[in-house]
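One letter stands for each residue in the lines below.
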Amino acid sequence: QSALTQPASVSGSPGQSITISCTGTSSYVGTYNLVSWYQQEPGKAPKLMIHEVSKRPSGVSNRFSGSKSGNTASLTISGLQAEDEADYYCCSYASTNIYVFGTGTKVTVL
Amino acid sequence: QVQLQESGPGLVKPSQTLSLTCTVSGASISSSGYYWSWIRQHPGKGLDWIGNIYYSGSTYYNPSLESRLAISVDTSKNQFSLKLRFLTAADTAVYYCAREKGGDYYFDYWGQGTLVTVSS
């Protein structure tokens, strides 16, 4: 199974909105609403930001939102802040009882 | 507060077997509806799902590792473990354990990760 495709990097100025895409196939992303997003700061473990495409766990800022269209899921960060600078990974469950992660996107706040 | 902690050797020789344990606190590994996963991250690279286990012992493995992999659970110790055989340099990575919400399919709690280097 191939990794889901994400842009290598996305940048924005404070206060702006950015969107990170995550492209898979009908087997991953397309069929089920089982895409999650993780934020990883340098040297730290990933942190769950979004699950089931668009659900936000308790404690995660409402500046983070998720969506999906066809085989592509997206994570949008609104009102970009310096603390949002990190790597972001999407992840999809597949019907074969496995998970596939995205290639990862480095978010830079200019 | 759910916490997971990986433990194991930081350095393993090629062709040997890696054994890692994840100790869970703040939650019972026998709770229904949760799976327990291993995920790794090669240096400077992305995340790779290794496999998972349910408290009953039921497992799912990444097909790319299945022939070398065994995941087990010890409910009495609230731990689950990974054994990966026939190591090569390509297995050098940070290994994370994580709790997986069954049915909703996401990882809500992660360990801090442990770096495993495969080198002679």
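The structure this text deals with has already been given above.
Residues numbered from 1 in each chain as written. Chains lettered and ligands numbered in written order. Predicted model: local features only at pLDDT ≥ 70, side-chain atom pairs only at ≥ 80, totals over all residues. Heavy atoms only, no water.

Engineer: When you look at the pairing of strand β9 (residues 105-109) of chain A in this model, what are you seeing that I'm missing?
Structural biologist: As a general feature of sheets, a regular strand has side chains that alternate between the two faces. Residues and elements named next belong to chain A. The alternating pattern of β9 places T105, V107 and V109 on a buried face, while none of K106 and T108, on the opposite face, is buried. As paired elements, strand β1 (residues 9-12) and β9 share 4 bridges and run parallel to each other. What sits directly across from S11, in β9, is T108. As paired elements, strand β7 (residues 86-94) and β9 share 3 bridges and run antiparallel to each other. Across the sheet, the residue bridging to Y88 is T105, located in β9. (Buried < 20%, exposed > 50% of the residue type's maximum accessible area, 1.4 Å probe, protein only. Helix = DSSP H or I, 4+ residues; strand = E, 2+ residues; numbered from the N terminus. Pairing = 2+ DSSP bridges.)

Engineer: Quick question: what am I supposed to make of the interface of chain B and chain A here?
Structural biologist: Where interface size is given, it is often the accessible area lost as the parts come together that is meant. Each partner contributes residues to the interface: chain B has 22 residues there, and chain A has 18 residues. Summed over both partners, the interface of chain B with chain A comes to about 1,800 Å²; 63% of that surface belongs to carbon and sulfur atoms. Between the two partners, chain B and chain A, sit 0 salt bridges. Applying the counting criterion to the chain B and chain A interface returns 7 residue pairs in polar contact (both at pLDDT 80 or more). Of all the elements in the fold, those that place two or more residues in the side of chain B that touches chain A are β4 (34-41), β5 (47-53), β6 (59-61), β9 (93-101) and β10 (106-110) of chain B. Classifying every residue of the side of chain B that touches chain A gives 11 nonpolar, 6 polar and 5 charged. (Contact = heavy atoms within 4.5 Å. Buried area = accessible area lost by both parts, 1.4 Å probe. Salt bridge = Lys/Arg side-chain N within 4 Å of Asp/Glu carboxyl O. Polar contact = N/O pair within 3.5 Å; in protein donor to acceptor, adjacent residues only side chain to side chain. Nonpolar A, V, L, I, M, F, W, Y, C, P; charged D, E, K, R; others polar.)

Distances and angles like these do not, on their own, reveal function.
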